[in-house]
Amino acid sequence: MHSRRLSVSAGLLAVIASALPLGRPLLAHHSFAMFDSVNKATITGTVTRFEWTNPHVFIEMDVPAQNGETKHWSVELGSPSILQRSGWKFSDVKPGEKVTAIVNPLRDGRPGGMLYRLTLADGSMRGNGGPPPADPGGK
Amino acid sequence: MKTFGAFAVLLALVASSASAQTASAVGDPRLSGAWEPMRGGPGAPPPTPPSPITLKAPYAAEWQARRAAQDEATKKGEPLATLGSECLPYGMPTMMAVANYPIEILQTPGQVTILTEVHSEVRRVFLDRPQLKAEDIPPGYYGRSIGKWEGNTLVIDSLGIDPKVAGYQSLPHSARLRITERISLASPDVLQDQITLDDPVVLEKPVTYTLAYRRLPKYEMVEFVCDNNREYTDDKGVVRMKVQEK
């Protein structure tokens, strides 16, 4: 069942990738190569800061770990310009809000990543420069 | 009455001559406004294949080695730093199409101004003036741009681009790089910029490629001040993201 889901997701991703670079934002400022473009991580936690800044927007969040401690994550997004044109507002994310982010994590293993899809406390979703992409079926 | 008639004719002549002069100075007003780079998709003009790139020795070997190093670093997940990753301007000709960031064209008498959204870069194109010699222009990110209208096509000649400014496809260039652009409408809402790079020191022959843009009606250009750059360059020249420690 699990493998079937993965293969469906992979097929879907291939279709999306061939149509538009939805999941992967058009990065101008720096290369995407520092992030894992294949695997994704899903993190749920509390926003500590939302930086609507150039060259990138950042969501800082505390994510509860299994051992009862919290791990702090830095999630990078596109620029305000790119996000605004895809429907974002500078006030969409608030400190203290519980959010779930699917990210392409940093390849060097530090707790950071590039946003793939964000789910806000009210259940609404945001992409990273395009419409919210389909569930990648990541872990 | 007769005198008044003659005066009216004279006034009309002066007015029509003034309006003709204004029209000539302003060129094609339809080029004004905000434009988003198009990378194919519906409504995009048929892609024009860029002309082959042939470099003179030793630049060819240097260019290939640099591109190979960039590809290798990217494959390892350790992309090399660029002017862009350090929040420095893209300069000419890269600034004319960075990802899908819009550009804005403004026309005033004697000048066309091109603004980019990413990094808020500014190019001033002075109309109908003589160009200087390359050695008389202080090297910069945009060079000195002189424009003239050929019908509805704005032709821009740029000289004086600093060799440190990254080129098209990471091409190296000398202080003698000359960029010729032909900017016109491909259709009412599609703009094209045919760019020719001519560098007698580095290139065997000029390289030409064409950019296309989609009109963004009523678009309000967004501020872009790079004051929170969390990408840094490590001691190996690799770009890394600063992760906020709690």
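Because the structure is a prediction, the values reported are computed rather than measured. (Residues numbered from 1 in each chain as written. Chains lettered and ligands numbered in written order. Predicted model: local features only at pLDDT ≥ 70, side-chain atom pairs only at ≥ 80, totals over all residues.)

Requested: an account of the overall build of chain B, with residues and values cited.
Each helix and strand counted, chain B has two helices and 11 strands in total. Element order for chain B, N to C, with α for helix and β for strand: α-β-α-β-β-β-β-β-β-β-β-β-β. Looking at the 246 residues of chain B, the share that counts as buried comes to 28%. Contacts spanning at least 24 positions in sequence make up 56% of the contacts within chain B whose residues lie at least 6 apart. (Helix = DSSP H or I, 4+ residues; strand = E, 2+ residues; numbered from the N terminus. Buried ≥ 20, exposed ≤ 12 C-beta atoms within 10 Å, placed from the backbone. Contact = placed C-beta atoms within 7 Å.)

Any details on the overall build of chain A? Residues and values, ideally.
Helix and strand content of chain A: two helices and six strands. Along chain A, from the amino end to the carboxyl end, the secondary structure elements read α-β-β-β-α-β-β-β. A sequence separation of at least 24 residues applies to 56% of the contacts in chain A between residues at least 6 apart.

Describe the pairing of strand S3 (residues 111-116) of chain B, listing the residues and the values that go with them.
Residue and element names in this part refer to chain B. Burial of the side chains of S3 is restricted to one face: Val 112, Ile 114 and Thr 116 are buried, whereas none of Gln 111, Thr 113 and Leu 115 on the reverse face is. Looking at chain direction, strand S2 (residues 103-108) and S3 are connected through six bridges and run antiparallel. Across the sheet, Ile 105 pairs through a bridge with Ile 114, a residue of S3. Once S2 ends, the chain turns through two residues before running back antiparallel as S3, passing Gly 110 with a positive phi of about 80 degrees. Relative to strand S4 (residues 122-127), S3 runs antiparallel, the two sharing five bridges. The residue of S4 that forms the bridge with Leu 115 is Val 122. Here S3 folds back onto S4 in antiparallel fashion, the turn holding five residues, of which His 119 has a positive phi close to 65 degrees. (Pairing = 2+ DSSP bridges.)

Account for the interface of chain B and chain A, with residues named and values stated.
Tallying the contact residues gives 28 residues for chain B and 27 residues for chain A. Of the residues forming the side of chain B that touches chain A, the biggest block, three residues, is contributed by strand S11 (residues 239-241) of chain B.

Could you give me a rundown of the nonpolar core, with the residues and numbers involved?
Residue and element names in this part refer to chain B. Counting residues in hydrophobic clusters, the biggest one holds 36 residues, and the most contacted among them are Met 92 and Val 98. Mapped onto this core, the elements with two or more residues apiece are strand S1 (33-38), S2, S3, S4, strand S6 (153-159), strand S7 (178-187), strand S8 (190-198) and strand S9 (207-215). It is S9 that provides the largest number of residues to this core, a total of four residues. Each residue touching Met 92, except ones within four places of it in the same chain, is listed here: Tyr 141, Tyr 142, Gly 143, Ser 158, Ile 161, Val 165 and Ile 179. (Core = buried A, V, L, I, M, F, W, Y, C linked by C-beta atoms within 7 Å.)

Any chance you could break down the sheet that holds S2 of chain B for me, citing the residues and the numbers?
Remark on secondary structure: sheet strands pair via backbone hydrogen bonds, oriented parallel or antiparallel. The strand order around the closed barrel formed by nine strands is S1-S2-S3-S4-S5-S6-S7-S8-S9 (chain B), and the pairing between neighbours is mixed. Sheet twist, expressed as the mean angle between neighbouring strand axes with direction ignored, is 30 degrees. (Axes fitted to C-alpha atoms, helices over the stretch in contact; angles between N-to-C directions.)

Lay out the environment of Asp 234 of chain B in plain terms, naming residues and giving numbers.
Residues and elements named next belong to chain B. Structurally, Asp 234 is set in the loop between strand S10 (231-233) and S11. The exposed category is assigned to Asp 234, around which 10 C-beta atoms lie within 10 Å. Sequence-wise, Asp 234 and Pro 172 are 62 residues apart; in three dimensions their C-alpha atoms are separated by 24 Å.

Report on the confidence of the model for chain B, specifying residues and quantitative values.
Residues and elements named next belong to chain B. Averaged over every residue, the pLDDT of chain B is 88; the share at 70 or more is 89%. The low-confidence segment residues 9-24, where pLDDT is below 50, has zero contacts with residues more than four positions distant or belonging to other chains. We note a pTM of 0.83 for the whole complex and an ipTM of 0.80 for its interfaces. (pLDDT = per-residue confidence, 0-100.)

Give a detailed account of the environment of Glu 60 of chain A, specifying residues and quantitative values.
Considering the arrangement of structural elements, one finds Glu 60 of chain A in strand S2 (residues 58-64). With 71 residues separating them in the primary sequence, Glu 60 of chain A and Pro 131 of chain A have C-alpha atoms 22 Å apart. Excluding residues within four positions of it along the chain, Glu 60 of chain A makes contact with Val 47, Thr 48, Arg 49 and Ser 74 of chain A together with Gln 244 of chain B.

Which residues make up the confidence of the model for chain A, and what values go with them?
Per-residue pLDDT for chain A has a mean of 82; in total, 78% of the residues score no lower than 70. Every residue in residues 1-23 of chain A scores below 50 in pLDDT, and together they form 19 contacts with partners more than four places removed in sequence or on other chains.

With reference to specific residues and values, describe the pairing of strand S4 (residues 98-105) of chain A.
All names here are of chain A. The buried fraction of S4 is high, at six of eight residues. Across six bridges, strand S1 (residues 41-51) lies against S4 in antiparallel orientation. By the bridge assignment, Thr 44 is partnered in S4 with Thr 100. Strand direction decides the pairing type here: S4 and strand S5 (residues 112-119), joined by six bridges, are antiparallel. By the bridge assignment, Asn 104 is partnered in S5 with Met 114.

Residues and numbers for unusual backbone geometry, please.
Note that the residue after Asn 54 of chain A, namely Pro 55 of chain A, is joined by a cis bond; omega there is 5 degrees. Positionally, Pro 55 of chain A belongs in the loop between S1 and S2. Between Met 92 of chain B and the following residue, Pro 93 of chain B, the backbone shows a cis peptide bond with an omega angle of 5 degrees. Considering the arrangement of structural elements, one finds Pro 93 of chain B in the loop between helix H2 (59-75) and S2. Although it is not a glycine, Ala 99 of chain B adopts a positive phi angle of roughly 45 degrees. Looking at Ala 99 of chain B, the number of C-beta atoms within 10 Å reads 19, which means it is partly exposed. The phi dihedral of Gln 169 of chain B is positive, around 55 degrees, even though this residue is not glycine. Tracing the backbone shows Gln 169 of chain B in the loop between S6 and S7. Owing to 13 C-beta atoms within 10 Å, Gln 169 of chain B belongs among the partly exposed residues under this scheme.

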